[in-house]
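Residue-level structural notes
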Amino acid sequence: MDALEEAGTTAGPGAGLASVLAEHVEAHVAAAQGLARLLPAVEAAADLLIEAFTRGGTLYTLGNGGSAADAQHLTGELVGHYKRDRRPLPAVTLTTDATVMTCIANDYSYEDVFARQVRALARPGDVVAAFTTSGNSPNVVSALEAAQTNGAVTVLFGGGDGGAAAKFADRLLLVPSSETPRIQEIHTLMLHMISEKVDAWAAA
């Protein structure tokens, strides 16, 4: 037994952590495998964006915390590019204007920070995509409802049954998991898959 093997079998504080980290890997792999049956829905979401961009529409994305980062990630892939040098695509994340966000939160409520922006900006032909692990954040639910009222198409990147937000989603991309880390990890994979198809279309 060499030193590395011996260290791996020695009980200590690191042994329990190694087991926990291995469980993360196993859970991630299981969640990714579960995505296989959602491939048609992911491709349909990409086609929806392509159709919207073809007709001059804009994508608006939103989310809280880590989901806000996912929303910005998708916008970055579209306005910038994913793999190919191609024209920029119109996408806006509703978490990135600190003045607007804090104005609405202060003068109205945090529940309104996305819905008020959606009411101001989203129109028929646009797409509003929300990222949420619980599906129950009031500001996300109200934003999707406002988007439908304005005639925009709504996409929910969620998990489990989608929570309250599912009621206002025209397209559902629900990770088959209830664990926040797994849901966010698979959301990243989904947005990369969507970016792949949209990127190829825009570069053609």
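Here the focus is the overall build of the protein. Scanning the protein from N- to C-terminus turns up eight helices and five strands. What you see in the protein, going N to C, is helices and strands ordered as α-α-α-β-α-β-α-α-β-α-β-β-α. Seen through its principal axes, the protein has C-alpha atoms that stretch 65 × 45 × 30 Å. For the protein, the share of sequence-separated contacts (at least 6 apart) that also reach a separation of at least 24 residues comes to 67%. A total accessible area of about 10000 Å² is found for the protein, and carbon and sulfur atoms account for 56% of it.

The next point concerns the packing of aromatic side chains. According to the stated counting rule, one finds one aromatic pair in the structure shown. Relative to Phe-157, the ring of Phe-131 has its centre 4.1 Å away and its plane inclined at 10 degrees; by these criteria the two rings are stacked. With a gap of 26 residues between them, Phe-131 in strand β3 (residues 127–131) and Phe-157 in strand β4 (residues 153–159) connect regions that are remote in the sequence.

Turning our eyes to something else, we now look at the confidence of the model for the protein. The pLDDT averaged across the protein works out to 92; a share of 93% of its residues lies at or above 70. Low pLDDT (under 50) marks residues 1–10, which in the prediction has three contacts with non-local residues, meaning those over four places away or in another chain.

In a regular helix each residue adds 1.5 Å, so 14 residues correspond to 20 Å; helix α4 (residues 66–79) covers 20 Å between its end C-alpha atoms and thus fits that length. Looking only at α4, the buried set comprises Ser-67, Ala-68, Asp-70, Ala-71, Leu-74, Thr-75, Glu-77 and Leu-78. Lining the buried residues of α4 we find α3 (39–54), β1 (59–63), β2 (91–93), β3, β4 and α8 (180–203).

The nonpolar side chains of a soluble globular protein tend to be buried with one another. Judged by nonpolar contacts, the single largest core of 31 residues is most densely connected at Leu-59, Leu-78, Phe-157, Met-190, Ile-194 and Val-198. Those elements that provide at least two residues to this core are α3, α4, β3, β4, β5 (171–175) and α8. With eight residues, the top contributor of residues to this core is α3. If we skip the residues at most four places from it in the chain, Leu-78 touches Leu-49, Phe-53, Leu-59, Arg-86, Pro-88, Leu-89, Ala-91 and Val-198. Counting 25 residues, the second-largest nonpolar core is a separate cluster that includes Val-118, Ala-130, Ala-166 and Phe-168.

Criteria and thresholds
- Residues numbered from 1 in each chain as written.
- Predicted model: local features only at pLDDT ≥ 70, side-chain atom pairs only at ≥ 80, totals over all residues.
- Heavy atoms only, no water.
- Helix = DSSP H or I, 4+ residues; strand = E, 2+ residues; numbered from the N terminus.
- Contact = heavy atoms within 4.5 Å.
- Areas by Shrake-Rupley, 256 points an atom, 1.4 Å probe, with all protein chains shown as cover.
- Phe/Tyr/Trp six-rings, centres within 6.5 Å; stacked < 30°, edge-to-face > 60°.
- pLDDT = per-residue confidence, 0-100.
- Expected span 1.5 Å × (residues − 1).
- Buried < 20%, exposed > 50% of the residue type's maximum accessible area, 1.4 Å probe, protein only.
- Core = buried A, V, L, I, M, F, W, Y, C linked by side-chain atoms within 4.5 Å.

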